[in-house]
Amino acid sequence: MAATNGNGNGNILKFGIPKGSLQDATISLLAKAGWKLRQHHRNYFPDVNDHDLKCNLCRVQEIPRYVVDGTLDLGLTGKDWLHETGCDKDVVVISDLIYSKVSNRPARWVLAVAGDSPYRRPEDLAGKKVATELMNFTREYFENAGIPVQVEYSWGATEAKVVEGLADAIVEVTETGTTIKAHGLRIIAELMQSNTQLIANRKALEDPFKREKIRQIDMLLKGALDAESMVGLKMNVPEDRIPAILDELPAITAPTVANLWNKSWVSVEIIVSQSVVRDLIPKLVDLGAKGIIEYPLNKII
């Protein structure tokens, strides 16, 4: 029995959350955006701290079809599976949200062969067997390239198919390529990049309540993603060192500068990329900044 949320007026947005490898990253992102999910053992309907929302955990491959037929109003799925299921023309893509279980960068579907095989490019696989979970896309790729291959569905452990001699090559998704290399395989081509997409049912967007709720979710998810690589810095600075310190400060907009009770000092606050902080803080200290505070951000809107 599905867990029920209720706002008293019958307006509920049904939101599909990807189950599996993207599940933890998605739930973490939603928490930063303001929606906290509480999962139940062996239950696909987690509680959420929003009476306007009902969340369903679904396989990422199934979410496009559920959004198309109205089982879900909104869902997070992969660009790859949206294409693979043929649903890309029947839903509305609200946003591209680049996040994954490893890092905030697109996943890659690659063509890989055994490390010691003679195959160096896709054309070398003419007449050979290719195993993959992404059947429709793989067939389409080789047909468009004019390369005759036998494409077979892989039910899992795709990397092992070449090692065990069950296929001459595989088409598999990877982010870093580490797993591919660990199985002794070699990538000979990148076929597609994919990322998470927020997709909506067309009829749901005609409903004013659902359209506004989707806009809210989209805005805050993007704000949470934008904040993941940024931090806030706050510091006290002598007034006479302000020009030198401001020259060192990268910021989204101009830094915030406010007078302190002691008129010879000011407070400076900025938002910067986390990647620059390690080198930036020692420079600020050398220029006279004191009491430097670094703090994480949940959202940048």
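Only a predicted model underlies this, so the values are computations on that prediction, with no experimental measurement involved.

Student: Can you walk me through the side chain of T174 in this structure?
Tutor: Structurally, the position occupied by T174 is in strand β10 (residues 169–174). For T174, a relative accessible area of 8% translates into the label buried. Polar contacts involving the side chain of T174 include one to the main-chain amide nitrogen of G177, which spans 2.8 Å.

Student: Sorry, what's going on with the sheet that holds strand β12 (residues 196–200) here?
Tutor: Strand pairing in a sheet takes place through backbone hydrogen bonds and is either antiparallel or parallel in direction. Here we have five strands laid out as an open sheet, ordered β4-β1-β5-β12-β6, and mixed in their pairing. Each having just a single partner strand, β4 (53–59) and β6 (92–97) make up the two edges of the open sheet. Neighbour-to-neighbour, the strand axes of the sheet open up by a mean angle of 25°, direction not taken into account. Summarising the sheet, strand β1 (residues 13–19) and β4 pair through seven bridges and their orientation is parallel. Following the sheet pairing, F15 is matched in β4 by C55. Packing of helix α1 (residues 23–33) onto the sheet brings it into contact with β1, β4 and β5 (74–78), and relative to β1 it is tilted by some 135°.

Student: Can you walk me through the pairing of strand β13 (residues 230–238) in this structure?
Tutor: Remark: a regular strand shows side chains that alternate across the two faces of the sheet. In terms of residue burial, β13 counts as a mostly covered element, since seven of its nine residues are buried. Sheet topology note: the β13/strand β15 (residues 265–273) ladder contains nine bridges and is antiparallel. Opposite V231, over in β15, you have V272 as the bridge partner. Examined bridge by bridge, β13 and strand β16 (residues 290–296) share five bridges and lie antiparallel to one another. The partner of G232 across the bridge, within β16, is Y295.

Student: Honestly, the domain arrangement of the chain in this entry has me stumped. Any pointers?
Tutor: As a measure of interface size, the accessible area lost when the parts come together is often cited. Each domain of the chain was delimited in the assignment, giving domain 1 (13–102 + 196–227), domain 2 (107–193) and domain 3 (230–296). Between the C-alpha centres of domain 2 and domain 3 there is a distance of 50 Å.

Student: What should I look at first to understand the sheet that holds strand β14 (residues 256–259) in this one?
Tutor: Here we have four strands laid out as an open sheet, ordered β14-β15-β13-β16, and antiparallel in their pairing. At either margin of the open sheet sits one strand with a lone partner, and together these are β14 and β16. Adjacent strand axes in the sheet meet at a mean angle of 15°, parallel and antiparallel pairs treated alike.

Student: I would appreciate a short explanation of the pattern of salt bridges in the present structure.
Tutor: Think of it this way: side chains of opposite charge can pair up when their charged atoms draw near. Counting across every chain of the model gives eleven salt bridges. Close ionic contact of R38 with D47 constitutes a salt bridge, the shortest N to O distance being 2.9 Å. Between R278 and D279 there is a salt bridge, with the nearest N and O atoms lying 4.0 Å from each other. Here R278 falls in the exposed class, since its relative accessible area comes to 68%. Each of D50, D52 and K213 takes part in a single network of salt bridges with overlapping partners.

What counts as what
Residues numbered from 1 in each chain as written. Predicted model: local features only at pLDDT ≥ 70, side-chain atom pairs only at ≥ 80, totals over all residues. Heavy atoms only, no water. Helix = DSSP H or I, 4+ residues; strand = E, 2+ residues; numbered from the N terminus. Buried < 20%, exposed > 50% of the residue type's maximum accessible area, 1.4 Å probe, protein only. Polar contact = N/O pair within 3.5 Å; in protein donor to acceptor, adjacent residues only side chain to side chain. Pairing = 2+ DSSP bridges. Axes fitted to C-alpha atoms, helices over the stretch in contact; angles between N-to-C directions. Contact = heavy atoms within 4.5 Å. Domains from an automatic or database assignment. Salt bridge = Lys/Arg side-chain N within 4 Å of Asp/Glu carboxyl O.

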